[in-house]
Structure formats: structure tokens, C-alpha cells
Amino acid sequence: MKFQILDPTHPFFKPLWIRLLCTVLPLAWAGVEYSNGATGWAMIFTATGLYAGYELLFMYEHTMKKAEAKAEAERARIAAEAERPDAD
């Protein structure tokens, strides 16, 4: 099982405005932290915002297509098992 910090396939992230908000808010907070002189926290929030942007904006379509193909394969496997006669 792959460890995943952010799951773009969750229905919460379907609307574009939520994905944009989850990207922009950490980046904005990084600006607040930097303006207060907390460069360590600014770097952490910048990395968080960039990671969220990569996963939720740049790779979103690819991830959703991959998840849909996986779900379709699982549905096909279940249908094939249902049609197979039992070997009791």
C-alpha cells in the first residue's frame, strides 16, 4: 500500500475552487510567516502549497483517470467472478 499525504481522488477535491483554495491558502500563509520573520515556517508552508498545487492542479486529471481505470478493472473482475460457476 502506498503512503499518501494528500488523496486527490477524495470527493472533497472535485470542485476546482476547493483545489485552488487548498493550494493558495498555504502559500498566502507562507507570506504571512515570512513577513513576521519566521522563515522556517514560511518554507514549510511554501512546500505544502507547492505540493498541494502539484497534486491537486497539475496531476489531478491524470490521477482521476488512473483511479477510474482501477475502479473499472475492479468492476470487471467482480462481474467475471459473478458469472463464473461455483466449483463446489
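Below is a summary of the structure that appears in this document. (Residues numbered from 1 in each chain as written. Predicted model: local features only at pLDDT ≥ 70, side-chain atom pairs only at ≥ 80, totals over all residues. Heavy atoms only, no water.)

With that settled, consider the side chain of Thr63. Within the secondary structure, Thr63 sits in helix α3 (residues 60–83). Assessed through its relative accessible area of 17%, Thr63 is described here as buried. The residues touching Thr63, leaving out its near neighbours within four places in the chain, are Pro8 and Thr9. (Helix = DSSP H or I, 4+ residues; strand = E, 2+ residues; numbered from the N terminus. Buried < 20%, exposed > 50% of the residue type's maximum accessible area, 1.4 Å probe, protein only. Contact = heavy atoms within 4.5 Å.)

We now examine helix α1 (residues 16–35). Along an α-helix, a turn takes 3.6 residues, which lines up residues three or four apart on a common side. Taking 1.5 Å of rise per residue, 20 residues should cover 28 Å, and α1 covers 29 Å from first to last C-alpha, within 8% of that figure. All of the buried residues in α1 are Ile18, Arg19, Thr23, Pro26, Ala30 and Glu33. Along α1, the residues classed as buried sweep out an arc of 145° about the axis, all on the same side. Away from the buried face of α1 by more than 90 degrees, exposed residues Trp17, Leu25 and Ser35 are located. Against the buried residues of α1 lie α2 (39–58) and α3. (Expected span 1.5 Å × (residues − 1). Arc of directions from axis to C-beta.)

Before going further, it helps to examine the layout of surface pockets. Within this model, the largest pocket holds a volume of roughly 470 Å³. Every residue lining the largest pocket is counted, 17 residues in all, and those nearest its centre are Lys2, Gln4, Thr9, Thr63 and Lys66. At the level of elements, α2 and α3 are the ones that each hand at least two residues to the lining of the largest pocket. If you tally residues by element for the lining of the largest pocket, the top one is α3, at 5 residues. For the lining of the largest pocket, the per-class residue count stands at 8 nonpolar, 4 polar and 5 charged. (1 Å grid on protein atoms, 1.4 Å probe; cavity = no way out; pocket = protein on both sides within 12 Å on 5 of 7 lines; lining within 4 Å. Points joined across faces, edges and corners; volume = space filled by probe spheres on them. Nonpolar A, V, L, I, M, F, W, Y, C, P; charged D, E, K, R; others polar.)

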